[in-house]
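Structure assessment
Listed below are the residues making up each chain.
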Amino acid sequence: EITIVDSIESLEFMSNEVTSNLMVQINKKEIDDNGGDSLLDFTVGIDCEWKPTGPYFGSNNSVDSNPVALLQMSVPAIHRVFLVDTHILLRPNLNETMSMTTLEQKLSGTIETIF
């Protein structure tokens, strides 16, 4: 099932799916595992999309100022694909010294749970 994550509500849904359902599946697998291919059961696919830069795309700027626009995560263990619209949820080019917003912290924590 595909979920578009572009609001606090959809981010909460993603977070709940990952933190509760994924953990349940992992715990269940630990109990039921007979030495099969359990590692593949919990592989997460990830892909990012952004506007390209550089000389081939009409820019001589060597610094990539285009942040990730879409984060795609496939979590087979819970039969979910999450399409995270980072342009809506995150501030671009956040300085390391700046504090994250509640939304940014929630997304960061959810991704941390997966990995």
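Look a little higher up for the structure.
Conventions we followed
Each chain carries its own residue numbering, running from 1 in the written order of its sequence. Restriction of local features to residues with pLDDT of at least 70 applies here, the model being predicted, together with a cutoff of 80 or more for giving and counting side-chain atom pairs; totals for whole chains, interfaces and linings are based on all residues. With hydrogens and water set aside, each side-chain value is computed from the structure's full complement of heavy atoms. Only protein chains enter the accessibility calculation, which uses a 1.4 Å probe; a residue whose area is less than 20% of its type maximum is buried, one above 50% is exposed, and one in between is partly exposed. Secondary structure counts use DSSP, requiring at least four H or I residues in a row for a helix and at least two E residues in a row for a strand, with both numbered from the N terminus. At least two DSSP bridges between two strands are needed for those strands to be called paired. Here a polar contact is recorded for every N or O atom pair within 3.5 Å, except that within protein the pair must consist of a potential hydrogen donor and a potential acceptor, and residues adjacent in sequence are included only if both atoms are side-chain atoms. Contact criterion: two residues are considered in contact whenever any of their non-hydrogen atoms come within 4.5 Å of each other. The salt bridge definition used is simple: a Lys or Arg side-chain nitrogen within 4 Å of an Asp or Glu carboxyl oxygen. Here, axes are lines fitted to C-alpha atoms. For helices the fit covers the stretch in contact, and angles between N-to-C directions go from 0 to 180 degrees.

Our focus in this paragraph is the pairing of strand β3 (residues 70-75). In β3, alternate side chains face the same way, and those of L71, M73 and V75 are buried while those of L70, Q72 and S74 on the opposite face are not. Pairing geometry for strand β2 (residues 45-49) and β3, over five bridges, is antiparallel. If you follow I46 over to β3, its bridge partner there is M73. Taken together, the six bridges between β3 and strand β4 (residues 80-85) define a ladder with antiparallel strand orientation. Bridge assignment links L71 to a residue of β4, and that residue is V84. The turn linking β3 back onto β4 is made up of four residues, and H79 within it adopts a positive phi angle of 55°.

It is worth spelling out the side chain of S10 at this point. Inspection of the secondary structure assignment puts S10 in helix α1 (residues 8-32). A polar contact is formed between the side chain of S10 and the backbone nitrogen of D6, at a distance of 2.9 Å. A polar side-chain atom of S10 sits 3.0 Å from the main-chain amide nitrogen of S7. In contact with S10, other than residues within four places in its own chain, are I4 and V5.

Turning to the pattern of salt bridges, a few remarks are in order. This structure, assessed with the given rule, holds four salt bridges. With a closest N to O distance of 3.5 Å, K106 and E12 form a salt bridge. Of this pair, K106 sits in helix α4 (residues 102-114) while E12 sits in helix α1, and the two are 94 residues apart along the sequence. The partner of R80 in a salt bridge is E17, and the shortest N-O contact between them spans 3.2 Å.

Phi is positive for H79, close to 55°, though the residue is something other than glycine. Structurally, H79 can be placed in the loop between β3 and β4. Taking relative accessible area as the criterion, H79 reaches 62% and is therefore assigned exposed.

A separate point is the sheet that holds strand β1 (residues 2-5). The strand order across the open sheet built from four strands is β1-β4-β3-β2, with neighbouring strands paired in mixed fashion. At either end of the open sheet lies a strand with only one pairing partner, and these are β1 and β2. Strand-to-strand twist in this sheet, taken as the mean axis angle between neighbours without regard to direction, amounts to 15°.

Such coordinate-based values are descriptive only and should not be taken to indicate function.
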